[in-house]
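# Architecture at a glance
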Amino acid sequence: MKTIDIHAHLVPRSLWHAVDARTEWHGFRHEPGDGLGTVVGGGMRTGFTSPKVRYGPEERLKDMDAQGVDIQVLSIHTPFFGYHLDAAQGRALAREVNDEIAATVGGWPTRFSGLATLPMQDVKSAIDELERAMTKLGLKGAELDTQVNGAQWDEPKFLPFFKAAEAMGAVLFYHPQPQNNFLRERIPRHGLFNSLGVILDDAIVTAVLICGGVLEACPDLRVCIAHGGGPACYAMGRLDRAWARLPEVSRTPQPPSAYQRRLYYDTVTGSEEALRFLIDRVGIDRVVLGSDWPFVPWHPSPVTWVQSLKSLTQEEKEKILWRNLEALLKV
């Protein structure tokens, strides 16, 4: 049995080279401090909670071996999407990062797969870069933020992107900002911006894609939501009630709960009970292994955690650990 992890972050080596040279990286600058310091850009400050963000491929592979992970699907650490940049700068950042991810995958094709980052501030450039990433670099799709400079994913300007991604068979992996989401402004205490703010953003983008008619317009679109989709599936009853009570504003012919099984969700749910609830709502074929590498301190590993869960059958464990992702990503 092999194991595939869809949720593995990468901080580009080119960024660390710029840090070491004390130069900017696509408008991001480094401020020394505790640990690995802070990177500032786009009005955000990003610190690092794990020294593993500086790992090269060889060190990453050793850590994967220790965790029992055979394949990581690499994607950029979300604070470095660069959506705040102008179109040309955003395209340059994306191309550099995607070339680096593709080089890592090419160097160890049996151990890594990859998702691109895209300059979503310019939809045409994003479509062009997704096509380049998939057809020339061999990446499997793209990782996306839960919003684009305040624009939500059900806005009409994004529909051509979704149509293109659907036609290409791209996998779109949605992941929020871990340190810079709306909850930080409301309450910066208790670490809630990460523990709760992140999964609220997961739920919002899930609801936007469903209620905004994106999945209705693109029935073959392949989307995975990080952190088990947050509380989205738990809230489907409320979304259905709003759909039924407000038909004049509904964009879908079916209630939201009818669409939740069209999405994929990773296992970073925080508890066995939450994971079991998710599986029972969306079906075992829609849940895939995620680790949130290297930011979640698994003991000893996300693979061991799934294997230890008494509420899952052996067949369910195998589907989560590799079968579902092998089919989705064709790896």
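Details of the structure are given in the entry above.
Overview of the structure. Because the structure is predicted, anything quoted here is derived from the model rather than measured. (Residues numbered from 1 in each chain as written. Predicted model: local features only at pLDDT ≥ 70, side-chain atom pairs only at ≥ 80, totals over all residues. Heavy atoms only, no water.)

### Quick word on the pattern of salt bridges
The full count for this structure, using the stated rule, is 17 salt bridges. A salt bridge links Glu31 to Arg45; its shortest N-O distance comes to 2.7 Å. Pair noted here: Glu31 is in strand S2 (residues 29-31) and Arg45 is in strand S4 (residues 44-47), with a separation of 14 residues, a long-range link. For the salt bridge of Arg111 with Asp65, the shortest nitrogen-to-oxygen distance reads 2.9 Å. (Salt bridge = Lys/Arg side-chain N within 4 Å of Asp/Glu carboxyl O. Helix = DSSP H or I, 4+ residues; strand = E, 2+ residues; numbered from the N terminus.)

### Re the sheet that holds strand S9 (residues 222-225)
Here 5 strands make up an open sheet; going across it, the order is S7-S8-S9-S10-S11 and the pairing parallel. The open sheet has two edge strands, strand S7 (141-144) and strand S11 (287-288), and neither has a second partner. As defined by bridge partners, strand S8 (residues 171-174) adjoins S9 across 4 bridges and the pair is classed as parallel. Looking across to S9, one finds that Phe173 is bridged to Cys224. Across the sheet, helix H8 (residues 197-211) touches S8 and S9, and the angle it forms with S9 is around 155°. (Pairing = 2+ DSSP bridges. Contact = heavy atoms within 4.5 Å. Axes fitted to C-alpha atoms, helices over the stretch in contact; angles between N-to-C directions.)

### Brief notes about unusual backbone geometry
Glycine aside, the phi torsion of most residues is negative, and most peptide linkages are trans. Following Trp293, the chain continues to Pro294 via a peptide bond in cis, the omega torsion being 0°. Of note, Pro294 is situated in the loop between S11 and helix H12 (302-308). Note that the residue after His299, namely Pro300, is joined by a cis bond; omega there is -5°. With respect to the element layout, Pro300 can be found in the loop between S11 and H12.

### Looking at the environment of Ser50
Assignment of secondary structure puts Ser50 in the loop between S4 and helix H2 (57-67). By relative accessible area, Ser50 is classed as buried at 7%. Taking the C-alpha atoms as reference points, Ser50 and Trp293, 243 residues apart in sequence, are found 9.4 Å from one another. When near neighbours in sequence (up to four residues on either side) are disregarded, Ser50 contacts Leu36, Pro294 and Phe295. At 3.1 Å, the side chain of Ser50 and the backbone nitrogen of Lys52 are in polar contact. (Buried < 20%, exposed > 50% of the residue type's maximum accessible area, 1.4 Å probe, protein only. Polar contact = N/O pair within 3.5 Å; in protein donor to acceptor, adjacent residues only side chain to side chain.)

### Examining the environment of Lys157
Of note, Lys157 is situated in the loop between S7 and helix H5 (159-168). The partly exposed category is assigned to Lys157, whose relative accessible area is 47%. Linking Lys157 and Val123, residues 34 residues apart in sequence, is a C-alpha distance of 7.5 Å. If sequence neighbours within four positions are ignored, Lys157 has contacts with Val123 and Ala151.

### Considerations on the packing of helix H3 (residues 87-107) against helix H4 (residues 123-135)
Here H3 crosses H4 at 15°, and the two axes come no closer than 11 Å. Classified by the angle between their axes, H3 and H4 sit roughly parallel to one another. Where H3 crosses over H4, the two elements pack in a sense that is right-handed. Across the interface between the two elements, Arg91, Ala94, Arg95, Asn98 and Asp99 from H3 touch Ser125, Glu129 and Arg132 from H4. Among the residues forming the contact of H3 with H4, the class breakdown is 1 nonpolar, 2 polar and 5 charged. (Parallel < 35°, antiparallel > 145°, perpendicular 65-115°, else oblique. Left-handed = near helix turned anticlockwise from the far one by under 90°. Nonpolar A, V, L, I, M, F, W, Y, C, P; charged D, E, K, R; others polar.)

### Some points on the packing of H4 against H5
For the pair H4 and H5, the least separation of the axes is 9 Å and the interaxial angle reads 10°. By the criterion of interaxial angle, the relationship of H4 to H5 is roughly parallel. Handedness of the crossing formed by H4 with H5: right-handed. Contacts between H4 and H5 pair Val123, Ala126, Ile127, Leu130, Glu131 and Met134 from the former with Pro160, Phe161, Ala164, Ala165 and Met168 from the latter. Grouping the amino acids of the contact of H4 with H5 by side-chain chemistry returns 10 nonpolar, no polar and 1 charged.

### A few points about the pairing of strand S3 (residues 38-41)
Where burial is concerned, the two faces of S3 agree: the one with Thr38 and Val40 and the one with Val39 and Gly41 are both buried. Where S2 and S3 come together, 3 bridges link them in antiparallel fashion. When the sheet's bridge partners are listed, His30 is paired in S3 with Val39. In this structure, the hairpin formed by S2 and S3 is closed by a connection of 6 residues, where Gly35 is found at a positive phi of approximately 60°. Where S3 hands over to S4, the hairpin turn is made up of 2 residues, of which Gly42 adopts a positive phi near 65°.

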